[in-house]
Amino acid sequence: MVLDIAETPIIELLQIHGRFSFSDELDVHLRARHISIRGDNSEFNIGTPFEAYTHKATITLFGEKEENAIFFEGAWSPGSKILANAGRIGFYGTPRAKAMTRLTQVAFKDATEIFVEPGLDWVPGDRIAIAPTSFDHEGGEDRFISTYDSTTGKAVLTTPLRIYHWGQNVTSANEYNGVDLRAEVILLTRNILIAGEDVKSWGARILTSDSVELDTTGNIRMRYGQTIMDSVEIYNCSQMDSYDAALMWENAKTLQSSVTNSAIHNGLGWGVRIESSANVVFSNNVLYDFRPFGVVADYSSDLVINENVLIKVVERTTIEANWNYVDRKGGYAICAVYASSAACTNVTVNDNIAAGAPMAGFWAMMHNCDEENLSFRGNVAHSIAGTNDGGMGAIFF
């Protein structure tokens with residue numbers, strides 16, 4: 001089936017048993033409370049690997065925390081406001097020229113203009129985020145672009161900046177052991193958007209999982225989840241005070257998934273969670289504003305988490321617990337939230353940035369020198385909250 005209407009009514013439950021795609025003849029907006037993809041050869045496609053989607057595709061998931069969760073058969077966890085995949089997702093948006101640039105001049109508090117490199121493809125209405133360059137780990141801020149001059153690199157913002165951000169026209173890498181201290185500026189806008197309805201601080205989530213179920217004859221059937229996304233925007237997803245991240249793999253161990261060149265931003269829970277899964281590539285993405293972790297992987301194998309930029313992770317303030325509760329928090333947690341190092345094998349974490357986080361930019365488990373469970377190289381953390389229990393670029397234990 002090809003969806004070729006501009007906007008659907010709000011669908012209570014969309015079950016995809018077959019092939020479902022968006023027309024690229026017009027902008028399409030799918031509105032639903034729950035979407036599931038399962039069944040033989042079930043696929044949800046927007047664009048193809050050979051021809052990226054060129055119009056605006058929007059999926060909005062509706063619902064509130066108090067609403068009844070949908071319970072799925074097999075290994076899927078129940079949930080509300082969910083896109084649940086035990087088939088195949090293939091979303092291919094139009095690539096943007098560059099996901100990250102840096103300030104080429106200092107941006108002062110209350111400024112409405114910034115300077116970045118010229119030649120970008122920014123347009124009015126694009127959303128960006130600027131990293132902190134101070135001890136204020138919550139100093140990252142997002143703004144919308146009013147105009148951008150591709151010749152000079154001057155961008156005019158729709159609202160003033162809240163704090164100071166440092167920049168200059170040449171890299172500082174030669175002075176600081178290869179580290180460029182200029183503020184990172186990331187582009188958050190893509191032409192395929194998955195969004196949660198903004199209601200009661202309760203975001204949506206995207207879940208990929210393998211599933212076991214019985215067919216009509218009583219025989220056991222396996223379903224295998226695979227998610228391929230390139231140049232996709234995920235906004236207002238993740239569910240507060242839970243492990244339900246904006247983008248999740250849970251018990252997805254069979255097929256290879258990949259999320260690349262995408263933007264995940266503005267959630268009230270974890271950004272990405274990979275648990276009890278395998279064969280996931282998460283690379284060249286930008287993330288902004290999550291709590292209390294940006295990217296978490298545990299009990300998993302054969303993961304590639306490379307060249308991502310994470311800006312602004314903050315502590316959560318809503319969880320109710322007694323005085324001796326300690327909430328682990330930080331940018332990336334690799335086999336470090338509740339697992340041992342033996343629970344993760346063949347994990348690569350290289351050339352990522354954590355800019356603004358509480359306690360630590362990176363958490364990771366140590367392993368013996370003769371083991372190769374984890375490759376951890378070229379990662380950079382800055383503007384990390386300094387307290388008695390943290391303020392470190394990386395914590396290994």
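Everything numeric in this text was worked out from a predicted model, so none of it was measured.

Caption draft 1: Fine view of the packing of aromatic side chains. Counting across every chain of the model gives eleven aromatic pairs. With 5.5 Å between their ring centres and 85° between their planes, Phe362 and Phe376 make a pair best called edge-to-face. Of this pair, Phe362 sits in strand β33 (residues 360–364) while Phe376 sits in strand β34 (residues 374–377), and the two are 14 residues apart along the sequence. An aromatic cluster of three or more residues is present, and its members are Phe20, Phe22, Phe44 and Phe91.

Caption draft 2: Structural detail: the sheet that holds strand β5 (residues 43–46). Reading across from one edge, β1-β3-β5-β8-β19-β22-β25-β28-β31-β34 is the order of the ten strands in this open sheet, with parallel pairing throughout. Each edge of the sheet is formed by a strand with only one pairing partner; in this case those strands are β1 (2–3) and β34. By the bridge criterion, five bridges tie strand β28 (residues 301–306) to strand β31 (residues 345–350) in an arrangement that is parallel. Note that in β31 the partner of Ser301 across the bridge is Thr345.

Caption draft 3: Here's a closer look at the sheet that holds strand β14 (residues 184–187). The antiparallel open sheet is built from six strands, whose spatial order is β9-β14-β11-β12-β13-β10. Every other strand in the sheet has two partners, leaving β9 (100–102) and β10 (113–115) as the edge strands with one partner each. Sheet twist, expressed as the mean angle between neighbouring strand axes with direction ignored, is 40°. Bridge analysis of strand β11 (residues 127–130) against strand β12 (residues 141–148) gives four bridges, and the strand direction is antiparallel. Residue Ile128 lies in a different strand from β12, and its bridge partner there is Arg143.

Caption draft 4: Representation of the nonpolar core. Phe22, Phe44, Phe91 and Ile234 are the most contacted members of the largest nonpolar core, which has 58 residues in total. A per-element tally of this core places strand β4 (residues 28–37) first, with five residues. Excluding its chain neighbours within four sequence positions, the residues that come into contact with Phe44 are Ile16, Phe20, Phe22, Leu30, Ile37, Ile59, Arg88, Ile89, Gly90 and Phe91. Core analysis: the second largest hydrophobic core is formed by 17 residues, Ile130, Leu157, Ala183 and Leu187 among them.

Caption draft 5: Main features of the state of the cysteines. This structure, assessed with the given rule, holds one disulfide. There is a disulfide in this structure between Cys335 and Cys344, and the S-S distance comes to 1.9 Å. One quick way to see it: the torsion about the S-S bond of Cys335 and Cys344 is about -110°, and its sign makes the bridge left-handed. The class for Cys335 is buried, based on a relative accessible area of 4%.

Caption draft 6: Looking closely at the pairing of strand β13 (residues 154–157). Burial along β13 is one-sided: Ala155 and Leu157 are buried, while Lys154 and Val156, pointing the other way, are not. Relative to β13, β10 runs antiparallel, the two being bridged by three bridges. Across the sheet, the residue bridging to Ile114 is Ala155, located in β13. Judged from the three bridges that link them, β12 and β13 form a sheet pairing that is antiparallel. Across the sheet, residue Tyr148 finds its bridge partner in β13, namely Ala155. Taken together, β12 and the strand that follows it, β13, pair antiparallel across an intervening segment of five residues, in which Gly153 is found at a positive phi of about 85°.

Caption draft 7: Here's a closer look at empty space enclosed by the protein. For the coordinates displayed, the defined rule picks out two cavities of 30 Å³ or more. Approximately 30 Å³ is the volume found for the second largest cavity. Along its surface, the second largest cavity is lined by Lys98, Ala99, Met100, Thr101, Leu120, Trp122, Val185, Ile186 and Leu187. Among the elements that line the lining of the second largest cavity, the one with the most residues is β14, at three residues. Class assignment for the residues of the lining of the second largest cavity results in seven nonpolar, one polar and one charged.

Caption draft 8: Layout of the pairing of strand β6 (residues 57–61). Most of β6 is tucked away, with five of its five residues classed as buried. Looking at chain direction, β4 and β6 are connected through five bridges and run parallel. Looking at the pairing, His29 lines up with Thr58 of β6. Strand direction decides the pairing type here: β6 and strand β15 (residues 192–196), joined by five bridges, are parallel. Following the sheet pairing, Thr58 is matched in β15 by Leu193.

Caption draft 9: Here's a closer look at the layout of surface pockets. Counted as a void, the largest pocket has a volume near 280 Å³. As for the largest pocket, its lining consists of 16 residues, and the residues nearest its centre are Lys98, Ala99, Met100, Asn261 and Asn284. The residue inventory of the lining of the largest pocket, partitioned by class, reads six nonpolar, five polar and five charged.

Caption draft 10: The pattern of salt bridges, seen in detail. Following the criterion strictly, the structure yields 15 salt bridges and no others. The partner of Arg96 in a salt bridge is Asp121, and the shortest N-O contact between them spans 3.1 Å. Taken together, the positions of Arg96 in the loop between β8 (88–92) and β9 and Asp121 in the loop between β10 and β11 put the pair 25 residues apart, joining distant regions of the chain. Residue class for Asp121 comes out partly exposed when judged on its relative accessible area of 26%. One salt bridge in this structure joins Glu315 and Lys329, with 3.5 Å as the shortest N-O distance.

Procedures and definitions
Residues numbered from 1 in each chain as written. Predicted model: local features only at pLDDT ≥ 70, side-chain atom pairs only at ≥ 80, totals over all residues. Heavy atoms only, no water. Phe/Tyr/Trp six-rings, centres within 6.5 Å; stacked < 30°, edge-to-face > 60°. Helix = DSSP H or I, 4+ residues; strand = E, 2+ residues; numbered from the N terminus. Pairing = 2+ DSSP bridges. Axes fitted to C-alpha atoms, helices over the stretch in contact; angles between N-to-C directions. Core = buried A, V, L, I, M, F, W, Y, C linked by side-chain atoms within 4.5 Å. Buried < 20%, exposed > 50% of the residue type's maximum accessible area, 1.4 Å probe, protein only. Contact = heavy atoms within 4.5 Å. Disulfide = S-S within 2.5 Å. 1 Å grid on protein atoms, 1.4 Å probe; cavity = no way out; pocket = protein on both sides within 12 Å on 5 of 7 lines; lining within 4 Å. Points joined across faces, edges and corners; volume = space filled by probe spheres on them. Nonpolar A, V, L, I, M, F, W, Y, C, P; charged D, E, K, R; others polar. Salt bridge = Lys/Arg side-chain N within 4 Å of Asp/Glu carboxyl O.

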